[in-house]
Amino acid sequence: MKKKVIILFLIMSFCASILFVSCVNSDMLPENVKTEIIQVFCSSYDKDSIDDKDIEIRDYCGEYSGAYVVGIHCEKFEYATANVPQEFGEIKIIQIEGVPLYVYKNGELISLKEAYSSKILDDNDMKSIQKRHKQIYTLEYDK
């Protein structure tokens, strides 16, 4: 009986973690904002090199004063082979290989570092972003 309860608990925990991770991913990002982000991303490159089918918003880390923080992956790009920690004051956020974080606000898409240095995002925003990003990529932060 104990063994069945433990197995049931493990299965339920696993299912809950999958559900939670999908909730902090791009599912909560408004569809119109997702479309705008993809269009802006594509427009910053030669129109023959990528199109919206190549772009995937994998991570949604939240909305902060009208600025949406998302992880974007493009199938046609080659990425560095390592995760890169970035520091924002005393806050460390690991840029995951192939899914760099961007900030979208007022029709512009900029890097997380640029948004922080231009004060679009403050220390409290960065702490929240780090917390949500850690929930998605726990194993990378535990290394």
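Given the structure is predicted, the values throughout are model-derived calculations rather than measurements.

Core analysis: the largest hydrophobic core is formed by 17 residues, its most contacted members being Leu29, Ile37, Phe41, Ile55 and Ile72. At the level of secondary structure, the elements contributing two or more residues to this core comprise helix H2 (31–43), strand S1 (55–64), strand S2 (67–74) and strand S5 (101–105). Leave out the neighbours within four places in its chain, and Leu29 touches Lys34, Ile37, Ile57, Tyr60, Tyr68 and Val70. Counting 15 residues, the second largest nonpolar core, distinct from the first, contains Cys61, Phe88, Ile110 and Ala115.

Compared with the 18 Å implied by 1.5 Å per residue over 13 residues, the 18 Å span of H2 between its first and last C-alpha is a close match. Burial in H2 covers these residues: Val33, Lys34, Ile37, Ile38, Phe41 and Cys42. Viewed along the axis of H2, the buried residues span an arc of 165°, placing them on a single side of the element. Opposite the buried face of H2, at more than 90 degrees from it, the exposed residues are Gln39 and Ser43. Packing partners of the buried residues in H2 comprise S1, S2, S5 and strand S6 (108–111).

What counts and how
Residues numbered from 1 in each chain as written. Predicted model: local features only at pLDDT ≥ 70, side-chain atom pairs only at ≥ 80, totals over all residues. Heavy atoms only, no water. Core = buried A, V, L, I, M, F, W, Y, C linked by side-chain atoms within 4.5 Å. Buried < 20%, exposed > 50% of the residue type's maximum accessible area, 1.4 Å probe, protein only. Helix = DSSP H or I, 4+ residues; strand = E, 2+ residues; numbered from the N terminus. Contact = heavy atoms within 4.5 Å. Expected span 1.5 Å × (residues − 1). Arc of directions from axis to C-beta.

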